[in-house]
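Listed below are the residues making up each chain.
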Amino acid sequence: MSAAKSKSTRPRVKITRRRIIAAALLLLGIFIWLEATQLDPGLVTTLTFESTSLGETPTVGVLPLPTSAYLLMVGALFIVSGGINLLELAGRWRRVSLGLLVLCGALFIPTIIIAAAAGNDTNVTTIVAESLRLATPLAIGAFAGIWCERAGVVNIAIEGMMLFAACFGFVTLFFLRGTDLPLETAQLLAVVIGLLSGGLIALLHGWLSITFRTDQIVSGTVINILAVGITSFVRREYLLSTEAGAAKLGNISLPILSDIPIIGEAIFTNQPIFFMMFVMLAFTHLVMFHTRWGLRTRAVGEHPHAADTLGINVNRTRWINVFVSGMIAGLAGAWFSLEATGSFNDGMTRGAGFIALAAMIFGKWTPLGAFGAALLFGFSDSLGIRLQMVGVGFPVQFLQMVPYAVTLVVLAGFIGRASPPKAVGQPYVKE
Amino acid sequence: MSAALEVRGITKRFPGVLANDNISLTLEKGQVLGLLGENGAGKSTLMNMIYGLYKPDAGEILVNGQAVEISGPKDAISLGIGMVHQHFQLVDVLSVTENVMLGNERTRGPFLRRSLARREIEALSREYGLDVNPDALVRDLPVGVQQRVEIIKALYRQADILILDEPTAVLTPQEARGLFKIMRALLDRGVSIIFISHKLKEVLEICDQVVVLRRGKVAGTADPRQSTEQSLASLMVGRDVILEVDKDSATPGDEILGVFDLHVHDDRGLPAVEGLNFGLRRGEILGVAGVQGNGQTELVDALTGMRAVDSGRIVIKGQDMTSASPRQITERGVGHVPEDRQRDGLVASFTVMHNLVLSTYYRSDFCDWIVVDDRAIATNAHELVERYDVRPPIINNAAGGLSGGNQQKVIIAREFSRDVDLLIASQPTRGLDVGSIEFIHRQIIRMRDAGAAILLVSSELEEVLSLADRVAVMFEGHIIDILPIAEADRDTVGLRMAGITETAQPA
């Protein structure tokens, strides 16, 4: 037996999370290095920190960086820490290599900005503010998804709910313009109608998927298709014949906060739905994790039968959550027509509902995680817009892709398998 | 003094089945009422009616002498009835505290007061010796502790009538003894308990009164002080049952299975099997005893090709099968009765006849090039259903609709009817009634006597001791000891299961 024993052990390199990240880092480092050597060494990226993008107020901070040297340095750092982490050293070195990993992670986004703006000035404040602004519908949409899915009902209809809300919110505003209501009141009413139309469509989703136990994906798809048809019909009938444009929701300045230098003006003087994103973040987090309703919702989404044996009405809980989800999605929809553009166009939500769903999943069904994921996607959007404005030495599409690629690596490596609420998608049938 | 709970003439009909037929029973205050019966005898149906999950078609329920209407679990809870279900009703991603308070939350303003519930759990835990950490996540807890969480849930709601639905089915003998201690503490404080079980020994040990159900009717009541296991078993099944396994001593032949320095990891990537070495010969049964979660599952997975081996070798009939696929292992003459019969043993939505050929459908007997020969499959099924006594013997029924015992018979029929040299049976009788257990044990002995090598993994110590020719005890991924059956008594093996060996003995 001992002879067999000695033969049996064959060394194997185990593929671990850390090794996946390390390998990705190594490849990225090599790529950055190679690209950086192609750059003109004289190029300088100037990071500025201005309070507005208009450039009327004086620049507060300027940080010039030699692009090529910076990238060579970062590339080298990535290669080194990728290599060290591939080895999976133990003991004291383990902490050093993990520290390097975190440092590399923190450098990702600044590096993208610096590489993208090679040879130019770029205003960091604007990028941050713009990322947050573009993240608004994604984050709010993701919260809508959390409300629904935490209770065990799949909601792929966020896109459709948003579109309905964008349309009917705007139609409300459009018709109220003719009356002598003050603009603010009309806008408020429009947003409220947006919320309610989202909620109403959610009731259809609840009716199909809770009462009739239709497959929840099918029900959601039906709503998405319905939304495209009905909203474009409404637009053609009522909006097309006229000059359909309306004032966007006005800016609000938060006292004290908006006086903070550099970021105050750019972030804390903003439109109402933007601020609602933070309100909804706090609200969703508190309700889900610190109230009776949240506890029951999570129980119903995970193990409805257990909740039932404790006297909790599973389907009632689901109905209410689906309705709230629809209203939150309605808020995200109102952002498109009332806050961002002041008009309504066919299919103007452009798949944001699905990206919101992705943000929810990346955030592992938690409000904070979903918010972080939405910010990453918002950043990617804003980067795309900026790259189209400044000419860059890198392929634009590649840089736009980077945040998504980073998300994938982070998901595969750090976070691991996302586990949805266990009962999601399953109608509850009492025995 | 009126009884804690009385049930009079309860009848419940499901489509096509009379689940409960005019059942009456009485639970006296501060006593344990044992409820015995085979699978499908109507025990759980009756309890679910008392707990308000089903509505009886006829009959009445009295709590403390008062006729009551129980239309949902909420009513039952407010009447002081608590139930520990056979399948725990716990949300495993929530903490113990959250599970206990769910549905009965204390709040300040809109916010949960977790600390209040936590203190109450700690108090209950101390009072009854339950030993539960209120902040642990339920999914991280072993089954025995999860059960105590269920008991706390009932006590937190001030239950004084506690229904325990097959509480010992998932416990080790040690854990079961712990549960009995807790039950006695509850009785001392005036709680009345209904105890549902298959295990006759336990019923005799703990109960004050026993009611036996058979096919939805009360078959009889018994006083445990004047009953024997034999008499209860006959009452339950309606005929005489042979409880002792009757077998000759083994005549081991050549080695079929060899395991050398096997290392396997579990789902979380932690080492679960650490350096196992053992051999198994033709015509013998090696029983693997041990508390669940000591690497048995991973060992079986590795042997059947369902889990990657980290290092070491598995040799079957002289050929290295270390990283072979399940199909290659099956083709090598290995039969597998998996631990989780519903997940790994059957395709619940397939018919009985198709489930019977899951490991052979591709062979020329049942398959003509690419066309499956349903007629041959049906013939095969008719024969096996009769030989293995699957009830009802309808081969076009979905396998998922059969009772647990009959599902297991389908698996046994499939695996035993092939040409098998090595049989790996994991928890083959878990959750089954005495009639089915008797049948399955006889089949295993028959296979051994026909010359197969059998690896029997079971957390039922009784089962291992009555079937095995040698007993291997697993503890924390190691085989602590392999004893010939003559030296393996309950106490010796029990100590090994807790990881204790006589270190004083000279090597």
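Let us look at the domain arrangement of chain B. Along its sequence, chain B is carved into domain 1 (5–237), domain 2 (253–333 + 420–500) and domain 3 (341–418). Put simply, the middle of domain 1 of chain B and the middle of domain 3 of chain B, counted by C-alpha atoms, are 36 Å apart.

This part covers unusual backbone geometry. A positive phi angle, close to 55°, is found at R213(A), a residue other than glycine. If you trace the backbone, R213(A) turns up in the loop between α7 (183–211) and α8 (216–239). When the 13 C-beta atoms within 10 Å are taken as the criterion, R213(A) is described as partly exposed. At N22(B), a residue that is not glycine, the phi angle is positive and equals roughly 50°.

Below, the discussion takes up the sheet that holds strand β4 (residues 58–63) of chain B. All names here are of chain B. Taken in spatial order, the four strands make up an open sheet running β2-β1-β4-β5, and their pairing is antiparallel. If you trace the sheet from one side to the other, it starts and ends with β2 (17–27) and β5 (66–68), each paired once. Looking at each pair of strands side by side, their axes are set apart by 30° on average, direction ignored. Alignment of strand β1 (residues 5–14) against β2, held across seven bridges, turns out to be antiparallel. Paired with I10 across the bridge in β2 is I23. Contacting β1, β2 and β4, helix α1 (residues 43–50) crosses the sheet at an angle of about 115° to β1.

Turning next to the interface of chain A and chain B. Between chain A and chain B, the residue contacts involve 24 residues of the former and 25 residues of the latter. Listed by contribution, the elements that provide at least two residues to the side of chain A that touches chain B are α1 (2–8), α11 (292–302) and α12 (304–309) of chain A. A per-element tally of the side of chain A that touches chain B places α11(A) first, with six residues. For the side of chain A that touches chain B, a count of residues per class yields eight nonpolar, eight polar and eight charged.

The next thing to look at is the domain arrangement of chain A. Quoted interface sizes are often the accessible area lost when the parts come together. If you check the domain split of chain A, you get domain 1 (15–119) and domain 2 (128–378). Using only C-alpha atoms to locate each centre, domain 1 of chain A and domain 2 of chain A end up separated by 35 Å.

So, on to the nonpolar core. In this structure, A139(A), I328(A), A359(A) and L456(B) are the most contacted members of the largest nonpolar core, which totals 259 residues. Tallying contributions element by element places helix α5 (residues 124–150) of chain A first for this core, with 15 residues. The residues contacting I328(A), other than those within four sequence positions of it, are I140(A), F143(A), A144(A), W147(A) and M280(A).

As a further point, take the packing of α5(A) against helix α14 (residues 352–362) of chain A. All names here are of chain A. At their nearest, the axes of α5 and α14 sit 7 Å apart, and the two run at 65° to each other. The handedness of the crossing between α5 and α14 is right-handed. Contacts between α5 and α14 involve P137, L138, A139, G141, A142, G145 and I146 from the former and A352, G353, I355, A356, L357, A359 and M360 from the latter. Here the residues of the contact of α5 with α14 are counted per class, giving 11 nonpolar, three polar and no charged.

With that settled, consider the sheet that holds strand β2 (residues 61–66) of chain A. Residues and elements named next belong to chain A. Taken in spatial order, the three strands of this open sheet run β2-β1-β3, and their pairing is mixed. Both edges of this open sheet fall to β2 and β3 (121–123), since each of them pairs with a single strand only. Taken pair by pair, the neighbouring strands of this sheet meet at an average axis angle of 20°, ignoring direction. Two strands pair when backbone bridges link them, and strand β1 (residues 44–49) and β2 are joined in this way by six bridges, in the antiparallel orientation. The residue of β2 that forms the bridge with V44 is P66.

Reading the values: rules and limits
- Residues numbered from 1 in each chain as written.
- Chains lettered and ligands numbered in written order.
- Predicted model: local features only at pLDDT ≥ 70, side-chain atom pairs only at ≥ 80, totals over all residues.
- Domains from an automatic or database assignment.
- Helix = DSSP H or I, 4+ residues; strand = E, 2+ residues; numbered from the N terminus.
- Buried ≥ 20, exposed ≤ 12 C-beta atoms within 10 Å, placed from the backbone.
- Pairing = 2+ DSSP bridges.
- Axes fitted to C-alpha atoms, helices over the stretch in contact; angles between N-to-C directions.
- Contact = placed C-beta atoms within 7 Å.
- Nonpolar A, V, L, I, M, F, W, Y, C, P; charged D, E, K, R; others polar.
- Core = buried A, V, L, I, M, F, W, Y, C linked by C-beta atoms within 7 Å.
- Left-handed = near helix turned anticlockwise from the far one by under 90°.

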